[in-house]
Structure formats: C-alpha cells, structure tokens
Amino acid sequence: MAHARISTYLPPDINPAQAAIAYGCRALPKLNEELQSEDLLMRQKALMALCDLMHDPEHVYVAIDIGCLESLKALLKDSNDMVRIKTTEVLYIMATHNVGREGFLKHDVILALSYLLNDPQPACRENLHLALKHVAQLPSGAQGIVISGLIPSLVWKLQREEEEIQGLLLDTLAACLMEDATEALSTRMVPFLKQKLLSTNDDIRSKAARVLIAVSIPLEGKNQVWQHDVIPILVHLLKDKVEEVQANAAGALMYAAVTTQGKYAALDTEAIHPLLNLLCSSLTKARLNATKALTMLAEAPEGRKFLQSQVPIFRTLEEDPSEAVRRAAQIAIKVIEWKP
C-alpha cells in the first residue's frame, strides 16, 4: 500500500537564494520594495531575482520607469559586500540594453558607480567596468563619462587594476577618447599606454594600440606619441604574431605620421617594409590602416622615392573587396606618383 511522504527537499525549480517573484505586473514593483528593505537577506534575494529579470529589455524599461535605478544607486553604498557585488551585476546587465544605457544617463548612474572605483571587492569593480564599457558604446554614453570627469581616474586605475579589468578599462577609454581626449592627454596617458603596448597579454597590446588611435587624433596626442618614443614600438608591433595588434598599431601609426616629426620617426625605424607586408593581411582593417599609413609616409620625399617601385602592389588593392581599401589605394597612388 502506498504511503504519503513529505520530502525534506525543496522542489527542483525553487532557488532559496532568490526572492519569490510576484505574478505579472506586480513582480518588479514588489522587488523594488524589497530592495529598500532593512532586512539584509531580503535585499540580497531581490537582487538575485533582478539579475535574472534584467536580461529582458522590457523588464529593464519597467524597472527604470518604477524607480529601480534610484534604489540600486542607494545600494551601491551598502556595507555588505554581496549586496554591492550583486547591485553592480544588475546594473551591468541593464547596461547591455540600449534602454538601460539611456536610463543610466538620465538618472546619473555613472557618477554613482564611480564611487566604487576603489572598492575592495574585485568582482564589484569588474561589474562596474563592464557597465561603463557598455555605456560607452553609445556616443552620448561616452560623452557622459567624459563630462562626469572620470577620465583621469580611469587612466590612473589603468596602472593598478588586475589584468582582466585593465582590458575593460581600455575598451571604455577607447570609446571615450574618440569623443574627447583632452583630459587624458594631461594625465600621462601616452606613457601609460606605452607600457601596455609592451604587455605579454595579446588582448592588452591590441586594446592599448586601439586607445592610442583615439589619443593620436588631436595634434597634442600626435606630438606626445612622438615625444615619448612610442613610434618605434608601434613599428615593432606591425610584426606582432596577432593580426588585430598589427592592424591597430598600423592605425595608430597612420595618425602619428601626420606630423613631420612622426613621418621621419617612422621612416627612421624602417616602418615601410612591415606596412607593405600588411597590405596582404586577411584583415580589411589592417590593409586599410597600412595603406593610409604608407600614404602619410609618401608625403615625405624619402618615403615617396622608396614607394614609387611599390605602386603595382597598390594597383592590386584597387580590386580589393572593400570599397574603403580601394579608395585609400587610389589616394596612395596619387600621392606616390605626385611630382612637384
């Protein structure tokens, strides 16, 4: 005969570490109330539930509309490590959606996050930088980070953070400095990047070269790249084992070689040969950057003289699948064949 027995185990779909989610439209308002609870366990469970819900952009929209961002900003100052870690995780997940990034700007979340730059918990700082990286993907988000005055702090942290977080920092800086590199150039950004270009980590080298592209757009950046002897390192990276590093180094060299000092520094370190090799790269970006960098060097009489025998290579690029590469090759040929 069968006996009725009550199991001592929870049902398989119940998570004891997560708050029970109310039905329908009441779910997020109830969680928002629990975020403001004085009970630590309730706050933690509400955050765990939000981490799951915020993967849906519709839930992100509702959460912002009912004031969850204000509750989360308050929790960034919580004394409990787990609360701060899960709060930054919720915010980072929200920042993966466009509606979340716009909410960050509207509710001043960037400034609230900045207070955790020196948080003792690495997981908390990593979530913070993931959030900033996603916010910076929007031009208005990158501008928001610059306007918040965070660039000097991010540059300073670049020297002190763990390697994984350094990669996130470089991603954020690359986007922000495309908007405005003024503050970065006054905070020893170029010497810091010079060290990162020598990193044994492929990802760090590649991202540092990408940030250097943004830094080199203004004239002051071009001058600093030349003054700090970064150009020989960029030429060396043109022969790097990683194609992405080569492409980004060629891009930085392209901007640095706009000035006369930059041109001759590149010519003195024999940049032409490795750049010519990149014209056959499988990466469109590498071919494009190398073509443009060689065009810059061809503006110097010495560079033009050397490249005149290489015109057939540029002729083949006129048939490149990429329209940008074809156009760049045509301009390069005009510069190389120009006669005074």
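Cut-offs applied
Residues numbered from 1 in each chain as written. Predicted model: local features only at pLDDT ≥ 70, side-chain atom pairs only at ≥ 80, totals over all residues. Heavy atoms only, no water. Helix = DSSP H or I, 4+ residues; strand = E, 2+ residues; numbered from the N terminus. Rg over C-alpha atoms; globule rule 2.2 N^0.38 Å. Buried < 20%, exposed > 50% of the residue type's maximum accessible area, 1.4 Å probe, protein only. Contact = heavy atoms within 4.5 Å. Salt bridge = Lys/Arg side-chain N within 4 Å of Asp/Glu carboxyl O. Phe/Tyr/Trp six-rings, centres within 6.5 Å; stacked < 30°, edge-to-face > 60°. Lys NZ or Arg CZ within 6 Å of the ring centre and 35° of its normal. Arc of directions from axis to C-beta. UniProt positions renumbered as here; feature names shortened; annotations may be inferred. pLDDT = per-residue confidence, 0-100. Patch = residues over 30% accessible without salt bridge, like charges linked within 9 Å, V, L, I, M, F, W, Y side chains within 5 Å. Areas by Shrake-Rupley, 256 points an atom, 1.4 Å probe, with all protein chains shown as cover. Disulfide = S-S within 2.5 Å.

## Focus on the overall build of the protein
- Per the secondary structure count, the protein includes 23 helices and 0 strands.
- Relative to its length of 340 residues, the protein is extended, with a C-alpha radius of gyration of 26 Å against a globular reference of 20 Å.
- Among the 340 residues that make up the protein, the fraction classed as buried is 54%.
- Taking as baseline every contact in the protein between residues at least 6 positions apart, the subset at least 24 positions apart corresponds to 68%.

## Some details on the pattern of salt bridges
- This model, assessed by the stated rule, comprises 20 salt bridges.
- Between Lys157 and Glu161 there is a salt bridge, and its shortest N-O distance comes to 3.7 Å.
- Shared partners join several salt bridges into a network, and the residues in it are Lys133, Asp171, Asp203, Lys207 and Arg210.

## Some remarks on unusual backbone geometry
- Positive phi, normally seen in glycine, also occurs at Asp229, with a value near 55°.
- Relative to the assigned elements, Asp229 resides in the loop between α15 (219-227) and α16 (231-237).
- With phi around 55°, Glu270 is a residue other than glycine that occupies positive phi space.
- Note that Glu270 resides in the loop between α18 (260-268) and α19 (272-278).
- Relative accessible area serves as the criterion here: at 58%, Glu270 is assigned to the exposed category.

## Structural notes on the packing of aromatic side chains
- Overall, the coordinates contain 0 aromatic pairs when judged by the stated rule.
- Lying across the ring of Tyr115, Lys77 places its NZ or CZ 6.0 Å from the centre.

## A short note on helix α6 (residues 98-106)
- Among all positions of α6, only Gly100, Arg101, Gly103 and Phe104 are buried. One side of α6 holds all its buried residues, which, seen down the axis, span an arc of 160°.
- Looking at the packing, one finds that the buried side of α6 touches α3 (57-65), α4 (68-75), α5 (81-94), α7 (109-114) and α8 (122-135).
- Positive phi appears at Asp108, one or two residues downstream of α6, with a value of about 55°.

## Topic: the UniProt feature "repeat: ARM" (unreviewed entry) in the protein
- Within this structure's numbering, the places UniProt gives as "repeat: ARM" (unreviewed entry) are residues 229-271.
- Annotated as 70% helix and 0% strand, the span residues 229-271 places its first and last C-alpha atoms 14 Å apart.

## Comments concerning the environment of Gln246
- Mapping Gln246 onto the fold places it in helix α17 (residues 243-256).
- For Gln246 and Lys285, which are 39 residues apart along the polypeptide, the C-alpha to C-alpha distance reads 9.7 Å.
- Look past the residues within four positions of Gln246 in its chain and what remains in contact with it is Leu237, Leu238, Lys239, Asp240 and Leu278.

## Observations regarding the confidence of the model for the protein
- In the predicted model, the protein carries a mean pLDDT of 91, and 93% of its residues have values of at least 70.
- Helix α1 (residues 27-35) is the least confidently modelled element of the protein, averaging 90 in pLDDT, while α16 averages 97, the highest of any element.

## Here we look at the environment of Ala271
- Tracing the backbone shows Ala271 in the loop between α18 and α19.
- Sequence spacing of Ala271 and Pro232 is 39 residues, and the spatial spacing of their C-alpha atoms is 8.5 Å.
- Dropping the residues within four chain positions of it, Ala271 is found in contact with Val235, Leu238, Leu253, Ala266 and Leu297.

## A word on the environment of Ala181
- Structurally, Ala181 is set in the loop between α11 (163-179) and α12 (182-185).
- Sequence-wise, Ala181 and Leu297 are 116 residues apart; in three dimensions their C-alpha atoms are separated by 25 Å.
- Setting aside residues no more than four positions away along its own chain, Ala181 makes contact with Ala214 and Pro218.

## Quick look at a nonpolar patch on the surface
- Where nonpolar side chains cluster on the molecular surface, the patch consists of Tyr61, Val62 and Ile66 and spans about 250 Å² of accessible area.
- For Val62, the position within the fold is in helix α3.
- The partly exposed category is assigned to Val62, whose relative accessible area is 33%.

## Points about the side chain of Asp119
- On the secondary structure map, Asp119 appears in the loop between α7 and α8.
- If sequence neighbours within four positions are ignored, Asp119 has contacts with Arg84, Cys124 and Arg125.

## Some details on the state of the cysteines
- The final tally for this structure, using the stated rule, is 0 disulfides.
- In this structure Cys68 is not part of a disulfide, and its nearest cysteine sulfur, from Cys51, lies 12 Å away.
- Of all cysteine sulfurs, the one in Cys124 lies closest to Cys176, which takes part in no disulfide; the gap is 19 Å.

## What to know about helix α13 (residues 189-197)
- Of all 9 residues in α13, 7 are buried, a share of seventy percent or more.
- Burial in α13 covers these residues: Met189, Val190, Pro191, Phe192, Leu193, Lys196 and Leu197.
- Looking at the buried side of α13, the elements it contacts are α10 (151-158), α11, α12, α14 (202-215), α15 and α16.

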